[in-house]
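What follows is each chain in one-letter form.
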Amino acid sequence: MPVYSATEIAFLMVACQQAVLALGWLAGAVLMPESRRAALNWAAYAALSALSLVLFVVSVQPAIEPLRAVANLCIVVSLVALQRGVWAFFGLPRGWRWHGAVLAVVVAVTAFGLDPQHGAWRVMIISGALSALCLSVAWDMQRQARARMELRWGVVLSVPLLAGGLIFGLRAARALLSPGTIVAEVTADSGLNVAAAFGYLVIALVFQLTLVALVVTRGVVELRRSSRYDALTGLLNRRAMQAALEEQVQRARRFGEPFSVLMLDADHFKAVNDVQGHAAGDRALQHLGTLLAAQMRDIDRVGRWGGEEFVVLLPGTGLGQAREVAERLRERVQALPLRWQDQAVPLTVSAGVSQWGEGGDELAALLARADAALYRAKAAGRNRVEGESPPGAPRVELVR
């Protein structure tokens, strides 16, 4: 029965940890269908990491030293699987040019490095490849976490990988500067290697926890997004739009800043559903939402108020400017019909405009004035814009 050194035992402990985590990601692939591809890649990353460490320990025996080449390939492929899991998680394109080049170099260098005279070159190039992969994954994680999940602290997710990249980079530099001793140092039973193994154990565990945190955080972000955004159009939902309007009212009362509200409604929308079908109606609402959002400034807010009705908040905008915005939106919708099953489905909108009044104006009254203006636009023939009525003007009743 073989007697393992302290260094080998430390590496085997890390391998056991990675094997358990691989099983955890396999379970995650079953429980999280929306992240299944990512979880399977991360399971492969953990499993291959465990296998590479076991092979590394076994290959210390001179009779089976060539297994070290397989161990090297496993650890490189594990990081390739890790990065492809990150790409799958964030929905990024999954080309093979980068990974194919890395694997080709590693295979060639591994075969070349089987000769003991070339061991230092093998350590240097493979460690350099591992460092490049770690840094590449770290870059992808922090960039996508900030861009897609709006995490200001996204860079924290990449710290374990940055540490791994630094360690592998230092080993590559060591192989370049001290080629005569690096191979012996890598396999020696030393306190430094034991410490390195336990350090890798901690880094690997922390990194796996960051992957779990990434999954949990995305779930929280999606939950928060679903509570604020309309599932069909991606615009603010009624509750979020109501909150934005109330915040704007508070600013207007505090600083005297004017603002206006547009209330828009798709004309003859029932006919689209009846003639083209409800799927076309849903696509029409998405089309309208896209057109409206594309015309907004960064400070503007647009939301789906209900059904085929939309509300637009225009901070710092008076009634005249708001009418111009509404007219521009109306013209844009009319000029760009919906394309549905190779047919152009014409769409138009009617709009009502109202401006926040100073003093004792209330949000409910502001919206009522915009709604009354919208009714007048409908009554006047649709596909038009109307401003709020002067005080005391009668309201036009219309069944839409």
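Residues numbered from 1 in each chain as written. Predicted model: local features only at pLDDT ≥ 70, side-chain atom pairs only at ≥ 80, totals over all residues. Heavy atoms only, no water.

Thoughts on the packing of helix 11 (residues 269-276) against helix 12 (residues 278-294)
Reasoning step 1: Axis separation between helix 11 and helix 12 bottoms out at 6 Å; the angle between their running directions is 140°. Relative to helix 12, the element helix 11 is oriented oblique. The residues of helix 12 that touch helix 11, namely those facing Phe 269, Val 272, Asn 273 and Gln 276, are His 278, Ala 280, Gly 281, Ala 284 and Leu 285.
Reasoning step 2: The class makeup of the residues in the contact of helix 11 with helix 12 is five nonpolar, four polar and no charged. (Axes fitted to C-alpha atoms, helices over the stretch in contact; angles between N-to-C directions. Helix = DSSP H or I, 4+ residues; strand = E, 2+ residues; numbered from the N terminus. Parallel < 35°, antiparallel > 145°, perpendicular 65-115°, else oblique. Contact = heavy atoms within 4.5 Å. Nonpolar A, V, L, I, M, F, W, Y, C, P; charged D, E, K, R; others polar.)

What to know about the nonpolar core
Reasoning step 1: Within the largest apolar cluster, 40 residues are counted, with the highest numbers of intra-cluster contacts made by Trp 25, Trp 42, Val 76, Leu 82, Phe 89, Met 141 and Leu 161.
Reasoning step 2: Elements with a minimum of two residues in this core: helix 1 (6-31), helix 2 (36-58), helix 3 (67-90), helix 4 (97-112), helix 5 (119-148), helix 7 (159-177) and helix 9 (191-228).
Reasoning step 3: Ranked by residue count, the leading element in this core is helix 3, at eleven residues.
Reasoning step 4: The contacts of Leu 82, once residues within four sequence positions are left out, are Asn 41, Trp 42, Tyr 45, Val 137, Leu 161, Phe 207 and Leu 211. (Core = buried A, V, L, I, M, F, W, Y, C linked by side-chain atoms within 4.5 Å. Buried < 20%, exposed > 50% of the residue type's maximum accessible area, 1.4 Å probe, protein only.)

Overview of the pairing of strand 1 (residues 259-266)
Residues in a regular strand point their side chains to alternate faces of the sheet.
Reasoning step 1: Burial within strand 1 is extensive, with eight of its eight residues counted as buried.
Reasoning step 2: Of the two faces of strand 1, the one holding Phe 259, Val 261, Met 263 and Asp 265 and the one holding Ser 260, Leu 262, Leu 264 and Ala 266 are both buried throughout.
Reasoning step 3: As judged from the seven bridges shared by strand 1 and strand 3 (residues 309-315), these two strands associate in the antiparallel manner. The residue bridging Asp 265 from the neighbouring strand is Glu 309, located in strand 3.
Reasoning step 4: One ladder, built from seven bridges, connects strand 1 with strand 6 (residues 349-355); its direction is antiparallel. The residue of strand 6 that forms the bridge with Val 261 is Ser 354. (Pairing = 2+ DSSP bridges.)

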